[in-house]
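Okay, here's what each chain looks like letter by letter:
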Amino acid sequence: MNELVVVDADVLGRERTGDETYVRNLLRELPAAAQEAGLRVAAVTRHPELVPEGVEPIELTSSSQDLRMAWSLPRLLRRAGAALVHTQYAMPMRCPCPVVGTIHDLSFERDASLMSARDRAVFHRVVPRAARRAARVLTVSERSKADLVELYGIAPERVVVTPNGVDPAFHPGEAEERGYVLAVGAIQARKGQSQALAAAREVGLPLVVVGPVKDAALAEQLRRGGALLEGYVPIERLAELYRGAACLVQASRYEGFGLPVLEAMASGTPVVTVPDPALLEVAG
C-alpha cells in the first residue's frame, strides 16, 4: 500500500486569508505529484466538503485548538497510519510520525506591536517548538528563512524556501473599472490600510479594502475616512476586484511573503509597495 501523507487542513473554511489560501492550493497541486511518487494524500479538516478530488478527507470534530493539537490530530494520524504530516506554525503533541512544518514569518518576534498579546503568547509557546522539532521547516521567502536561522538557531540546511505560487483564478481580463485603489489583507495595523487610504485620497480615488476585521477600531477609522470595506470575499470576487483596480497598495509593516503582490501582478494590476524585504523579494 502507498504511504500516506497527511495535510493539517484545519484552516479550510475559516477565512484565514493567506494560511487558508496556502493550504487550498497545496491540496489542489499535491495529488498529481504524490501519485507520481507513489504516495497518497489526505487532509484533516472540519470541512471535508472543501477537500478537492484526489485527496482523502479525514473529518476533524474537535472544536478546541488545544485539544486538536494535543489529542485529536495525533489520534487521527495514528488511526490513518500516516507516514508524514504537514502543519503550519505548530506541531501535534506526541506525534506518531515525522512533521514537515511551514512557518510563513516571525513577525511576532520582530515587532511585538504587530500582534495581540494573547496571540503572541500562543505563538511564542508553539512556533519555536515546531521549528526546532520538525523534520524539515518550509518557509516562503529568504527573508523568513534568515529570521528562522537567526532567531531560533535552526541549521540553514533544515529550512527549505518554497515561494508561494499564484491561484489560477488570478489572471488578466477585461477591467470593468479602474476607479479605485485596492488593499488586500486582514484589517490590522500591520497591514498598513491607513497608509493605503492616505495614498488613495492623495490621488482622489476611493479605497476598497478586502479582508476580515481583526481590529474593529481601525475598521471604523477606515470607514469614517471613506474606505469601502468588503470583508472576506470568495476568490472569484477577489479576482474581479484585482482586475478592476487602478492599483494595489501593499503598505505592510512586516511580511513573510506578501501574496497580494503576486495576485495583483498575475491579474495585470499595477502594484505600489513599501520596501519591506519580503515584498521586495516577491515584487522583484
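Here, every reference points to the structure presented above.
Residues numbered from 1 in each chain as written. Predicted model: local features only at pLDDT ≥ 70, side-chain atom pairs only at ≥ 80, totals over all residues. Heavy atoms only, no water.

Draft legend 1. Molecular detail of the overall build of the protein. Looking only at helices and strands, the protein features ten helices and twelve strands. Taken over the C-alpha trace, the protein has a radius of gyration of 19 Å; the compact-globule value for 284 residues is 19 Å, and the two agree within 12%. Seen through its C-alpha atoms, the protein measures out along the principal axes to roughly 60 × 40 × 35 Å. Buried residues in the protein amount to 49% of all 284 residues. Taking as baseline every contact in the protein between residues at least 6 positions apart, the subset at least 24 positions apart corresponds to 60%. Just so you have it, the protein exposes about 13500 Å², and 54% of that area is on carbon and sulfur atoms. Placing the 32 positive and 35 negative side-chain charges of the protein at their respective mean positions leaves the two points 8 Å apart. (Helix = DSSP H or I, 4+ residues; strand = E, 2+ residues; numbered from the N terminus. Rg over C-alpha atoms; globule rule 2.2 N^0.38 Å. Buried < 20%, exposed > 50% of the residue type's maximum accessible area, 1.4 Å probe, protein only. Contact = heavy atoms within 4.5 Å. Areas by Shrake-Rupley, 256 points an atom, 1.4 Å probe, with all protein chains shown as cover. Lys, Arg positive; Asp, Glu negative; His and termini not counted. Charge placed at Lys NZ, Arg CZ, Asp CG, Glu CD.)

Draft legend 2. Molecular detail of the sheet that holds strand 2 (residues 39-45). Here seven strands make up an open sheet; going across it, the order is 3-2-1-4-5-6-7 and the pairing parallel. The sheet terminates laterally at strand 3 (56-59) and strand 7 (159-161), the two strands that pair on one side only. Strand-to-strand twist across the sheet, computed as the mean angle between neighbouring axes with direction ignored, equals 25°. Bridging between strand 1 (residues 3-8) and strand 2 involves six bridges; their strand directions are parallel. (Pairing = 2+ DSSP bridges. Axes fitted to C-alpha atoms, helices over the stretch in contact; angles between N-to-C directions.)

Draft legend 3. Representation of the side chain of Ser141. Among the secondary structure elements, Ser141 is positioned in the loop between strand 6 (136-139) and helix 5 (142-152). Among the polar contacts made by the side chain of Ser141, one reaches the main-chain amide nitrogen of Ser144 at a distance of 3.1 Å. Within the local environment of Ser141, its side chain forms a polar contact with the backbone oxygen of Gly256, the two atoms lying 2.5 Å apart. Dropping the residues within four chain positions of it, Ser141 is found in contact with Val161, Gly256, Ala278 and Glu281. (Polar contact = N/O pair within 3.5 Å; in protein donor to acceptor, adjacent residues only side chain to side chain.)

Draft legend 4. Looking closely at the environment of Leu238. Tracing the backbone shows Leu238 in helix 8 (residues 235-244). With a relative accessible area of 12%, Leu238 lands in the buried category. The residues touching Leu238, leaving out its near neighbours within four places in the chain, are Phe170, Val184, Val210, Val233 and Glu263.

Draft legend 5. Structural view of the sheet that holds strand 12 (residues 271-273). Strand order across the open sheet formed by five strands is 10-9-8-11-12, with parallel pairing between neighbours. Looking at which strands have only one partner, the edges of the open sheet turn out to be strand 10 (228-231) and strand 12. Direction aside, the axes of adjacent strands within the sheet are offset by 25° on average. Where strand 11 (residues 247-250) lies against strand 12, three bridges are found, and the strand directions are parallel.

Draft legend 6. Structural detail: the pattern of salt bridges. Overall, the coordinates contain 18 salt bridges when judged by the stated rule. The salt bridge involving Arg110 is made with Glu150; its shortest N-O contact spans 2.9 Å. Separated by 40 residues along the polypeptide, Arg110 in helix 3 (residues 107-110) and Glu150 in helix 5 bring together distant segments of the chain. The class for Glu150 is exposed, based on a relative accessible area of 56%. Of the charged contacts in the structure, one is a salt bridge between Asp111 and Arg253, with a shortest N-O distance of 3.0 Å. Of this pair, Asp111 sits in the loop between helix 3 and helix 4 (117-133) while Arg253 sits in the loop between strand 11 and helix 9 (259-266), and the two are 142 residues apart along the sequence. Judged by relative accessible area, Asp111 falls into the partly exposed class, the value being 26%. Connected through shared salt-bridge partners, Arg110, Arg143, Asp147, Glu150 and Asp276 make up one network. (Salt bridge = Lys/Arg side-chain N within 4 Å of Asp/Glu carboxyl O.)

Draft legend 7. Local environment of the pairing of strand 10. Strand direction decides the pairing type here: strand 9 (residues 207-210) and strand 10, joined by three bridges, are parallel. By the bridge assignment for strand 10, Val210 is matched with Gly231. Following the backbone out of strand 9, through helix 7 (residues 216-224) and into the adjacent parallel strand 10, one traces a crossover that is right-handed. (Right-handed = clockwise from strand over helix to strand, strands pointing away.)

Draft legend 8. How the structure looks around helix 7. Residues Leu218, Ala219 and Leu222 constitute the buried set of helix 7. Axial view of helix 7: buried residues confined to an arc of 105°, hence all on one face. Facing away from the buried side of helix 7, by more than 90 degrees, are the exposed residues Ala216, Ala217 and Arg224. Buried-residue contacts for helix 7 involve helix 6 (193-202) and strand 10. The N-capping residue of helix 7, defined by a side-chain oxygen 3.1 Å from the backbone nitrogen of Ala217, is Asp215. A positive backbone phi angle near 100° is found at Gly226, which sits one or two residues after helix 7. (Arc of directions from axis to C-beta.)

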